[in-house]
Amino acid sequence: MASRSIRDGASHDCVPNPRRQRRLSLDALVAGVLIEYPLYMSPDGKVLISAERALDTLVQWRQRRGMKVHWWQRITRTILRIFIGVR
């Protein structure tokens with residue numbers, strides 16, 4: 001019965017929340033979801049780190065590893081491009 005009242009618009013909040021009325025731009029939404037709010041796991045899995053620290057870690061990893069692409073990565077990327085449209 002609860003799902004029916006929600007679909008019909010008959011439900012209402014007991015305590016209004018003014019934040020729900022706020023409109024965010026796409027940039028603000030992306031910043032909040034990916035940068036400001038979350039914490040990421042460090043490569044060793046022992047510490048939570050910020051988005052900036054995670055990017056620094058990825059850059060360092062890429063510099064150490066170089067641009068070498070393994071055969072299985074090429075195959076996976078090709079499959080993703082063909083079937084999913086990932087570039």
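Each value, and the rule that gives it
Residue positions are given per chain, counted from 1 along the sequence in the order it is written. Confidence filtering applies because this is a predicted model: local features only for residues at pLDDT of at least 70, side-chain atom pairs given and counted only at 80 or more, and all residues used for totals across whole chains, interfaces and linings. Excluding hydrogens and water, the side-chain values take into account all heavy atoms of the structure. Helix and strand assignments follow DSSP, with helices taken as H or I runs no shorter than four residues and strands as E runs no shorter than two, numbered in order from the N terminus. Note on definitions: a residue-residue contact is assigned when non-hydrogen atoms from the two residues lie within 4.5 Å. Burial classes: relative accessible area under 20% of the type maximum marks a residue as buried, over 50% as exposed, and values in between as partly exposed (1.4 Å probe, protein chains only). Two N or O atoms count as a polar contact when they lie within 3.5 Å, although within protein this holds only if one can serve as hydrogen donor and the other as acceptor, and sequence-adjacent residues are included solely when both atoms are side-chain atoms. Residues forming no salt bridge and having over 30% relative accessible area are the ones grouped into patches, like charges within 9 Å of each other and nonpolar side chains (Val, Leu, Ile, Met, Phe, Trp, Tyr) within 5 Å. The method behind every accessible area is Shrake-Rupley, applied with a 1.4 Å probe, and residues are considered shielded solely by the protein chains displayed. Within this document, salt bridges are pairs made up of a side-chain nitrogen of Lys or Arg and a carboxyl oxygen of Asp or Glu, the two lying within 4 Å of each other.

A. Spotlight on the environment of Ala54. Its place among the elements puts Ala54 in helix 3 (residues 51-65). Considering only alpha carbons, one finds Ala54 and Leu39, 15 residues apart in sequence, at a separation of 8.9 Å. Filtering out sequence-adjacent residues up to four positions away, Ala54 remains in contact with Tyr40 and Ile49.

B. Looking closely at the side chain of Gln73. The topology assignment puts Gln73 in helix 4 (residues 71-83). Note on Gln73: relative accessible area 16%, which makes it buried. For Gln73, the side chain forms a polar contact with the main-chain nitrogen of His70, separated by 2.8 Å. Here Gln73 is in contact with Arg65 and Lys68, once residues within four sequence places are set aside.

C. Up close: a nonpolar patch on the surface. Taken together, Trp71, Trp72, Ile75, Ile79, Leu80, Ile82, Phe83 and Ile84 make up a surface patch of nonpolar side chains, about 940 Å² in accessible area. As for its position among the elements, Phe83 is in helix 4. On the basis of relative accessible area, Phe83 is assigned to the exposed category, the value being 69%.

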